[in-house]
Amino acid sequence: MFLGLRSQYDLKKRTPVFSNCKRFSVSNNGYSDVDRPVSSFIPERNPEFSSRLENVQNGVDNTHGWSEAFSRKLEGVRQTVDNVCKILQSGPWGPSMEIALSKCDENPSTELVTGVLRRLENVNAALNYFQWAEKTTRRAHCPEAYNSLLMVMARTRNYEYLEQILEEISLAGFGPSNTVSIELVAGCVKKRKLKEAFDLIQTMRKFKIRPAFSAYTTVIGALSAVQEPDLMLTLFYQMQELGYEVNVHLFTTVIRAFAREGRVDAALSLLDEMKSNAFDADIVLYNVCIDCFGKAGKVDMAWKFFHELKAHGILPDDVTYTSMIGVLCKANRLNEAVDLFEQLEFNRTVPCAYAYNTMIMGYGSAGKFDEAYSLLERQRQKGSIPSVIAYNSLLTCLGKKQRVDEALRIFQEMRKDAAPNLSTYNILIDMLCRTRKLDVALEIRDTMKEVGLFPNVLTVNIMIDRLCKAQQLDEACSIFEAMDHKVCRPNEITFCSLIDGLGRQGRVDDAYRLYEQMLDFDLTPTAIVYTSLIRNFFRCGRKEDGHKIYKEMVRRGTSPDLTFFNTYMDCVFKAGETEKGRSLFEEIKTWGFTPDVRSYSILIHGLIKAGCARETYELFYAMKEQGYVLDTFAYNTVIDGFCKSGKVNKAYQLLEEMKVKGLEPTVVTYGSVIDGLAKIDRLDEAYMLFEEAKSKGVPLNVVIYSSLVDGFGKVGRIDESYLIMEELMQKGLSPNVYTWNCLLDALLKAEELDEALVCFKSMKELKCTPNTFTYSIIINGLCRVRKFNKAFVFWQEMQKEGLKPNMITYTTMISGLAKAGNVSEADKLFQKFQAKGGKPDSACYNTMIEGLSIANRAMEAYELFEETRLRGCNIYTKTCVILLDALHKAECLEQAAIVGAILREIAKSQHASRSL
């Protein structure tokens, strides 16, 4: 089998002989005309034939017989090529096809083989025929045949067997022609498979084959368009190793790629290398450097190139000035840009339209619209009519500043100078939709048709996207449904915007129906669409549907990206599926991705939420060992994890590390550490950090103030809690219910009852609605100081507010009523608590038994006593004594005997434990 094809031959088993083989029939005097190859009849390749042809043309030599032989030979080869091609196209390769080929020509010549290969468009057929011809003739193929075979691969862009063919050519001691190597590379480039093109050149080099100069430049040029500077540099250096002479143009291409990515050091290194090779920079290179270094934020360096250019005697051209003006405008150095613009305009008769457009954009971006209008007028006065580009730049800037009415005025005025184009209308529609002026946007859209323009899919996408972001979904859906699919067909972006917009508003079923419609349109949903669907299903609490979306995505063969996995993992952790979140983190690696800082941050945050904060320590140091540069979000997540796991010192160290690395701690950073310190009673340190945050201008929130109020309150430092609360309100912040609860709890624990009630009143006056915890704190506090009746008043108020007491509040209130002698109310509350599925604790049972006993309801108390024993709750000695006395008074002697026996057992147990 030949290279996996259905053939009885195997390329890997071939041992072709590339020397000591006679390829043509030769007589003593040279070639006979009959055996002579067709190429020998070509003047450029055969001087003898060229001479004879010239004689015929001059009438000197009558070679009629020779000409007929040539014609017969040529026609015979053509006919045979046709016949062979028909046979090869008649069906799959097999013995019957080999027989047919042998009958057609049992000893195929080199000319026949190359002629057939040039005609074939099927790589498998070409490879089979190529192998068969070599076996039949017992001759190694010549370079021309191999080149023809490689050209079949290039034409069909099927490189499955390319490496094996290149290896065989290498062993033969020659390589593909320059034309072939260029075509092979160009095939990959045309299919936008640039990594394959790069790998193809590396494969050639592996077999010591020298790719053509143009093959290298083709790939380098294609890679520059997709920003792959490292691959470009590899090829660039490889060219030099092969002895190719690189030029300024190539240096410029590679330098531009690095500068555009902001890799300034690499770009400068290449510049130095170019100068060391005695190349002189030209105007194009200087323009590239000014533009790219400027866009990378290196404005001073761009200035340096501008001045260096002039120092080398090169006159700046319009591109140089325009690029430098643009760089200065983007860096908000408008005055310098104006000075440079005036230099350009000095003594210039014809204005540079590009410079005017750039300067107008600069003024507009800075909000100096009067200067921009003056520049427009100046351009007119110089005899140059402002272009649609100038007006579009101006409209874009007005839109960013939300000066919509002014933009509409300019739109009307521009018609005097330039006809609005499709971009003009899209800019206007975009700003109108952003400012929710849908009616005007629709009017502008309709006026397009009057001037012969029609909304394209970009126009529709702008409207739908902006309306979705403005939560005007019905309007967005109306525009989508009104699309004329014959004129303007929705694309992936259209569906993606609407699916995400619907999902964010909770209309996930509508979003999914739109997804199905997208499939009906034969559009392939991207990872972005699936990310949106999963995120929004999880937000709506439909996690199972979210998981189904992932399975469907995999089934349809859509490749997820790292953003998809990070979002999915975040959703899973927030849904409480900790183990699933862990497995997704590992799955990132199985898809060939490397988890980034955000991936680790999500994992750490999820584990913290799940109560696994102790694991964050190892994960954090795993991140650092792998060389990740942590951002503020990552530090905040890890610091929060350390604080929640009790490692506050570690968190404090990380806070200091952030400062050393130049990362400014945020309100989240300070909030986590302050809360952590407050919870372990290191309040002075927490307060110092609080003051540090204020001095740095960090906008502190209610959460940080609440942490300090709670911390100071729990250790009885009520005055400090009050001061923090006062400062909070002076800053214009409103204490939330948690803040008030912290202060109330502190006051009641300090038995500052009156202060607590004043505080509760203030809370309601400031429109902060008390919650279940608020009432529970007050009821517990009142019961603690035996203000049971007052506590019951708050209990009733709580019921009126529709709040549901928790177990602690129930048991506290029941115990309080019983102790206050209000046994009937306590019993009702007890029965209600049990009816709602509540499980009283030992304290609650004992209090109720004592209350019923004191109220002379001995048998009810005894029944509750038995229930307490059955539930396994402890019965206090005091409770037994009170119940026993009540049973004796009620003459319930049998029950009294049982209680007495239990009381003796408790006494024995207590005596035994004291002895031990």
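In the nomenclature of an unreviewed UniProt entry, the protein is known as Pentatricopeptide repeat-containing protein of Anisodus tanguticus. According to the UniProt record, the Sequence similarities (unreviewed entry) comment for the protein is "Belongs to the PPR family. P subfamily."

Draft legend 1. Looking closely at the overall build of the protein. Assigned secondary structure in the protein consists of 49 helices and 2 strands. Since a compact globule built from 916 residues should have a radius of gyration of about 29 Å, the 43 Å found for the protein marks it as more spread out than a globular shape. Expressed as lengths along the three principal axes of its C-alpha atoms, the size of the protein is roughly 155 × 80 × 60 Å. Put simply, 60% of the contacts in the protein that link residues at least 6 apart link residues at least 24 apart. With the model as given, the accessible surface of the protein reaches about 45,800 Å², and the carbon-plus-sulfur share is 50%. Within the protein, one finds 114 positive and 116 negative side-chain charges whose respective centroids are separated by 2 Å.

Draft legend 2. Region of the structure containing the environment of His-485. Within the secondary structure layout, His-485 lies in the loop between helix 25 (473-481) and helix 26 (492-504). Considered as a pair, His-485 and Cys-768 are 283 residues apart in the sequence and their alpha carbons are 54 Å apart. Residues contacting His-485, with those up to four places away along its chain left out, are Pro-490 and Phe-521.

Draft legend 3. Molecular detail of the packing of aromatic side chains. Considering all chains together, one arrives at 33 aromatic pairs under this definition. When the centroid spacing of 5.0 Å and the interplanar angle of 70° are considered together, the rings of Phe-130 and Tyr-146 count as edge-to-face. With Phe-130 in helix 5 (residues 123-137) and Tyr-146 in helix 6 (residues 143-156), this residue pair connects regions lying 16 residues apart in the sequence. Since its relative accessible area comes to 0%, Phe-130 is described here as buried. For the pair Tyr-862 and Phe-865, a centre-to-centre distance of 6.0 Å together with 25° between the ring planes defines the contact as stacked. In this pair, Tyr-862 and Phe-865 are both assigned in helix 47 (residues 858-870), 3 residues apart and thus about one turn of the helix distant. Like Tyr-862, the residue Phe-865 is buried in the burial classification. Taken together, the aromatic side chains of Phe-538, Tyr-550, Phe-564, Phe-565, Tyr-568, Trp-591 and Phe-593 make up a single cluster linked through ring pairs. Positioned above the aromatic ring of Tyr-244 is the side chain of Arg-210, whose terminal nitrogen or guanidinium carbon lies 4.2 Å from the ring centre. The lysine or arginine in question, Arg-598, covers the ring of Phe-633, its NZ or CZ lying 5.2 Å from the ring centre.

Draft legend 4. Seen up close, a negative patch on the surface. On the surface, Glu-751, Glu-752, Asp-754 and Glu-755 cluster together into a negatively charged patch. As for its placement among the helices and strands, Asp-754 is situated in helix 41 (residues 753-765).

Draft legend 5. Structural view of the packing of helix 45 (residues 823-835) against helix 46 (residues 842-854). Running from N to C, helix 45 and helix 46 cross one another at 145°; their axes reach a closest spacing of 10 Å. Judged by the sense of rotation from one axis to the other, the crossing of helix 45 with helix 46 is left-handed. Two secondary-structure elements touch here, helix 45 through Val-823, Ala-826, Asp-827, Phe-830 and Gln-834 and helix 46 through Cys-844, Tyr-845, Met-848, Gly-851 and Leu-852.

Draft legend 6. Fine view of helix 35 (residues 648-660). Taking 1.5 Å of rise per residue, the 13 residues of helix 35 would be expected to cover 18 Å, and the 19 Å separating its terminal C-alpha atoms lies within 8% of that figure. Within the sequence span of helix 35, burial applies to Val-648, Ala-651, Leu-654, Leu-655 and Met-658. Seen end-on, helix 35 carries its buried residues on one side only, within an arc spanning 115°. The inward-facing, buried residues of helix 35 abut helix 33 (616-625), helix 34 (632-644), helix 36 (667-679) and helix 37 (683-695).

Draft legend 7. Layout of a positive patch on the surface. A cluster of basic residues, Arg-157, Lys-190, Lys-191 and Lys-193, forms a positive patch on the protein surface. The residue Lys-191 is located in the loop between helix 8 (178-190) and helix 9 (194-206) in this model. Assessed through its relative accessible area of 36%, Lys-191 is described here as partly exposed.

Draft legend 8. View of the confidence of the model for the protein. Overall, the prediction assigns the protein a mean pLDDT of 83, with 91% of residues at 70 or greater. Confidence, read as mean pLDDT per element, is least for strand 1 (residues 26-27) in the protein (31) and greatest for helix 28 (residues 527-539) (94). Note that pLDDT drops below 50 for residues 1-46; the model gives that stretch 92 contacts with residues more than four away or on any other chain.

Draft legend 9. Highlighting the environment of Ala-622. Take Ala-622: it is sitting in helix 33. In this structure Ala-622 comes out as partly exposed when scored by relative accessible area, which is 22%. Measuring from C-alpha to C-alpha, the distance between Ala-622 and Tyr-600 comes to 9.4 Å, with 22 residues separating the pair along the chain.

Definitions and cut-offs
- Residues numbered from 1 in each chain as written.
- Predicted model: local features only at pLDDT ≥ 70, side-chain atom pairs only at ≥ 80, totals over all residues.
- Heavy atoms only, no water.
- UniProt positions renumbered as here; feature names shortened; annotations may be inferred.
- Helix = DSSP H or I, 4+ residues; strand = E, 2+ residues; numbered from the N terminus.
- Rg over C-alpha atoms; globule rule 2.2 N^0.38 Å.
- Contact = heavy atoms within 4.5 Å.
- Areas by Shrake-Rupley, 256 points an atom, 1.4 Å probe, with all protein chains shown as cover.
- Lys, Arg positive; Asp, Glu negative; His and termini not counted.
- Charge placed at Lys NZ, Arg CZ, Asp CG, Glu CD.
- Phe/Tyr/Trp six-rings, centres within 6.5 Å; stacked < 30°, edge-to-face > 60°.
- Buried < 20%, exposed > 50% of the residue type's maximum accessible area, 1.4 Å probe, protein only.
- Lys NZ or Arg CZ within 6 Å of the ring centre and 35° of its normal.
- Patch = residues over 30% accessible without salt bridge, like charges linked within 9 Å, V, L, I, M, F, W, Y side chains within 5 Å.
- Salt bridge = Lys/Arg side-chain N within 4 Å of Asp/Glu carboxyl O.
- Axes fitted to C-alpha atoms, helices over the stretch in contact; angles between N-to-C directions.
- Left-handed = near helix turned anticlockwise from the far one by under 90°.
- Expected span 1.5 Å × (residues − 1).
- Arc of directions from axis to C-beta.
- pLDDT = per-residue confidence, 0-100.

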